[in-house]
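So you can see what is in the structure, the chains are spelled out below.
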Amino acid sequence: MKLFIQLVALWIVLALGVGMFGGQVVEDIWRREMEASFRRDMVAAEAMVESLSWSKPPEAQPEWRKMEHELGLGIIPVQRSKAPESMELIWTQAGQEGMRLTADVALSEFPETTQANTIRITRDVQLSSLDDLWWSLWALLNLAALAIGGLTFFAVWHDLGRKKRLLRPWFQALDSAEERESLLPAVEPQDSDFCIQMDAVADLVNRIYASLKNANERSDLVLGNLREGVLAVDDHSRVLLSNKSLRRLLELPNDNFLYRPLVEIIRTPAIVNMLRKILSEEVLTEEQLEYGVEPRHLRILGRPLPLGEGKSGALFTVRDETLIKRVDMIKKDFVSNASHELKTPLAAIRAYAETLQMGALEDPDAAESFVNNIISQADRLDGLVQGMLQLSRVEVGSALNYQRFDVIAAIEPCINAAYALGRAKGVTIEVNAPEAAKIHSDRDGLQTIASNLLSNAVRYTEAGGKVAVHVERQSTQLVLEVRDSGIGMAEEDLARIFERFYRAEKDRSIDTGGTGLGLAIVKHLTGALGGSVAASSELGKGSCFVVELPNEPLGNVE
Amino acid sequence: MPKHNCEQEYAERRALLSSKESRLARHLNHDLEEAYHRILTLSGQVEEMIDKALRALMARQHPVASEVIAQDEEIDRQEVRIEEECLKMLALHQPVAADLRRLTTMMKVNNDLERIADLACNIAERATDLIEYPSFPIPEMLRDMAADANAMVREGLDAFVNLDVELAYQVIHKDDSVDAMNVRVINEVTKLMKENADWVEPALYSFSASRAIEQIADHAVNVAEDVIYMVNGVIVRHCHNDPKLRSLES
């Protein structure tokens with residue numbers, strides 16, 4: 001557009017210039033042309049005049065009139081004192097809009113009858129022909145200027161990319177004064193003060209940019225690797241910053257949500273209310289909530305975030321306390337279960353003792369039965385305390401005593417005890433074991449594992465049932481399998497049977513006499529000996545426990 | 001970073017929905033944003049109510065059910081306030097095109113949210129009734145159905161927030177599975193009623209809860225359809241021949 005206006009202005013200036021100075025030039029050209037034409041016609045007229053007979057006055061001759069008409073000239077014989085030596089053209093005014101061109105020509109053979117020695121040749125020219133020529137030229141010039149302007153405009157805009165490069169100096173020259181100033185460095189010598197200062201500024205900007213970029217990357221790295229979620233919000237509740245942990249904990253898509261209102265991202269009322277409270281009252285707030293599809297226990301701490309200029313946003317830190325809560329829950333369960341297990345035999349002992357005190361001592365039969373019961377409950381209490389101590393020792397790892405021993409000989413007492421228990425209850429025991437199988441492990445530990453599994457199997461199998469023990473020494477490990485046809489367990493119980501005091505029978509209606517610690521001890525012992533224990537069960541059909549222990553301690557394997 | 005140009009896409013869609021520059025239009029945009037954020041806050045509360053109601057039902061927790069019932073009054077108050085604001089905008093600014101679509105969608109979503117909150121209350125009431133029948137086995141399928149309906153509401157509102165038409169179509173598509181689960185729950189409940197005459201009453205409560213969950217899913221579908229209308233200007237309600245839906249079904 002700017003270029004177009006410039007072209008129009010150029011055209012107007014050119015047109016005015018042509019208008020002012022072009023008239024004189026055109027008139028000169030026209031006069032010269034008229035004079036040349038007049039000279040040609042004049043020579044012809046002279047030749048024709050000399051060819052006349054002059055027998056009578058020329059005006060009377062028809063050829064004379066014809067000649068004047070054909071050549072467009074006025075020809076008059078005149079008497080001059082002296083015949084002109086050379087031809088002279090004279091322009092004179094003829095009327096309002098005309099000019100007359102006159103020339104005198106001396107004749108070589110002058111007829112005596114005419115009394116004249118010269119012919120005067122004249123031509124009248126109308127000035128309107130000059131005007132016509134002038135306006136024609138003016139129009140032509142304008143048309144040419146328009147055409148050139150249009151072509152230039154078209155050429156420039158048609159292929160601006162290429163033309164711009166070619167016409168750059170011209171564009172630059174046409175640009176405004178401020179823009180022309182911006183071109184100055186290009187023409188400044190490179191060692192000038194200006195260029196040196198500009199280089200210094202550019203270096204400084206680059207250094208600042210690089211250091212900002214590094215700082216940004218460092219803070220991103222730190223924030224990204226924090227386990228706590230971090231969220232910063234401005235005074236208009238728009239997100240300023242969020243890290244990867246926050247997105248993971250609040251189950252958000254992987255986006256930084258920059259400048260998006262928080263409520264569009266997190267709609268949880270607890271968090272929205274926290275934000276509102278922090279922004280309006282500028283106080284510290286704390287919330288604990290269950291969040292997500294698979295609920296996590298989150299602790300959210302919110303505090304005011306000063307943003308400068310008197311503005312204040314909010315900064316949230318989100319911590320996942322699911323594991324802590326779980327450990328806490330297990331601890332609570334343990335205390336509750338342990339106190340329950342300890343309280344039951346104590347209550348029984350107290351009841352029997354009170355009954356004895358209240359007069360049962362007088363009845364020897366009843367007294368003996370009560371005392372036996374008191375001893376049985378005390379044994380149970382002792383077993384419980386022993387179990388807890390053993391579990392504690394196993395956890396610490398101080399109870400292990402590695403030695404080379406025969407597995408079959410080691411577990412024989414356990415199998416015999418199971419035989420005795422099974423015989424009393426009507427449960428068959430089947431043993432499938434090799435003659436001897438030596439391993440390098442903890443003998444007492446293996447005995448504890450076997451006796452716990454066997455006593456459990458007999459305890460939870462009803463009369464007429466069967467318990468099968470299978471021992472096999474493989475190349476690297478010993479496999480001990482105890483399978484029973486007892487009451488079995490539901491799938492949800494199976495996952496928790498190795499927890500301390502966990503019982504599949506929730507209401508503890510079946511008094512099996514166990515402490516609730518046996519399987520926990522088995523699990524910890526096998527783990528300490530470098531092995532593993534697995535359980536499978538079907539409700540009403542029986543259970544199977546498989547223990548795998550390495551033949552050699554883990555550090556001794558060649 | 002692949003980044004999927006989430007932000008850019010979101011910004012473009014928002015720009016499409018708020019392209020006015022005049023001063024009046026700026027006021028309208030401001031009011032629209034305010035009402036929009038109110039709806040989002042409301043939706044957060046409604047989502048929490050559904051969550052609690054389902055927990056109260058499945059875990060038979062009376063205090064949680066009472067919390068849900070107590071919350072309903074506040075939801076009703078907010079719904080009325082948002083509707084009044086929307087009506088005021090309609091009267092004052094007389095919006096057209098995208099603004100009109102956005103405003104009408106907000107009014108409809110507001111209404112759906114209030115209905116969902118009422119249904120959550122119904123579930124909480126049924127949960128309270130069922131506490132008196134501890135031996136009645138609440139069908140396990142109800143838990144899956146509730147989880148799906150809850151996810152549909154969440155995703156419908158996510159689609160509303162992010163103007164995500166794809167997600168909205170997925171929500172509509174999910175409704176069929178919730179309907180199918182409802183039929184299975186009703187069959188199971190009917191079987192329980194036939195097995196034990198004492199269970200007729202709790203079975204009817206379960207039936208009612210199942211129906212409420214199914215209706216919550218229907219309202220989530222309404223929200224999703226409104227989102228499609230707001231973004232594309234196309235009404236897909238009752239339009240079973242929609243090519244997008246048919247492609248999802250196949």
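Residues numbered from 1 in each chain as written. Chains lettered and ligands numbered in written order. Predicted model: local features only at pLDDT ≥ 70, side-chain atom pairs only at ≥ 80, totals over all residues.

### Focus on the overall build of chain A
- In terms of regular secondary structure, chain A is built from 17 helices and 16 strands.
- Residues classed as buried in chain A amount to 19% of the 558 residues present.
- The contacts of chain A with a sequence gap of at least 6 include a subset with a gap of at least 24, amounting to 61%. (Helix = DSSP H or I, 4+ residues; strand = E, 2+ residues; numbered from the N terminus. Buried ≥ 20, exposed ≤ 12 C-beta atoms within 10 Å, placed from the backbone. Contact = placed C-beta atoms within 7 Å.)

### Digging into the interface of chain A and chain B
- Contacts between chain A and chain B engage eight residues on the former and eleven residues on the latter.
- Taken together, the elements giving at least two residues each to the side of chain A that touches chain B come down to helix H10 (262–265) and helix H11 (269–281) of chain A.
- By residue class, the composition of the side of chain A that touches chain B is four nonpolar, one polar and three charged. (Nonpolar A, V, L, I, M, F, W, Y, C, P; charged D, E, K, R; others polar.)

### Quick word on helix H7 (residues 200–232) of chain B
- If you check H7 of chain B, its first and last C-alpha atoms are 48 Å apart, about what 33 residues at 1.5 Å a residue would give, namely 48 Å.
- Downstream of H7 of chain B by one or two residues, Gly233 of chain B has phi in the positive range, about 70°. (Expected span 1.5 Å × (residues − 1).)

### A look at the pairing of strand S9 (residues 311–320) of chain A
Residue and element names in this part refer to chain A.
- The pairing of strand S5 (residues 229–233) with S9 spans five bridges and is antiparallel. Across the sheet, residue Gly229 finds its bridge partner in S9, namely Val318.
- In the sheet, strand S8 (residues 296–308) pairs with S9 via ten bridges, with the strands oriented antiparallel. By the bridge assignment for S9, Leu298 is matched with Asp320.
- Between S8 and the antiparallel strand that follows it, S9, lie two residues; Glu309 among them carries a positive phi value of about 55°. (Pairing = 2+ DSSP bridges.)

### Comments concerning the sheet that holds S8 of chain A
Residues and elements named next belong to chain A.
- Across the sheet, five strands lie side by side as S6-S5-S9-S8-S7; this open sheet has antiparallel pairing. For this open sheet the edge positions go to strand S6 (239–242) and strand S7 (285–291), each flanked by a neighbour on one side alone. Across this sheet, the average inter-strand angle for adjacent strands is 20°, counted without regard to direction.
- As judged from the seven bridges shared by S7 and S8, these two strands associate in the antiparallel manner. Directly across from Thr285, in S8, lies its bridge partner Gly302. (Axes fitted to C-alpha atoms, helices over the stretch in contact; angles between N-to-C directions.)

### Some details on the sheet that holds strand S1 (residues 74–78) of chain A
All names here are of chain A.
- Taking strand neighbours across the sheet as the criterion, the four strands line up as S1-S4-S3-S2 in an open arrangement whose pairing is antiparallel. The open sheet has two edge strands with one neighbour each: S1 and strand S2 (89–93). On average, adjacent strands in this sheet sit at an angle of 25° to one another, irrespective of strand direction.
- Pairing of S1 with strand S4 (residues 118–126), which is carried by five bridges, proceeds in the antiparallel orientation. Note on S4: the bridge partner recorded for Val78 is Thr118.

### Quick notes on helix H14 (residues 407–425) of chain A
Residues and elements named next belong to chain A.
- Given a rise of 1.5 Å per residue, 19 residues ought to cover 27 Å, and the 27 Å separating the end C-alpha atoms of H14 matches this to within 8%.
- The principal kink in H14, of about 35°, is found at Pro413.
- Taken as a whole, H14 has its buried residues at Val407, Ile411, Cys414, Ile415, Ala418 and Gly422.
- Where the residues of H14 are buried, they touch strand S10 (402–406), strand S11 (428–432), strand S12 (438–442), helix H15 (443–459), strand S13 (466–473) and strand S14 (477–484).
- Of the residues flanking the end of H14, it is Gly426, one or two places downstream, whose phi is positive at about 85°. (Bend = angle between axes of the 7 residues up to and from the residue.)

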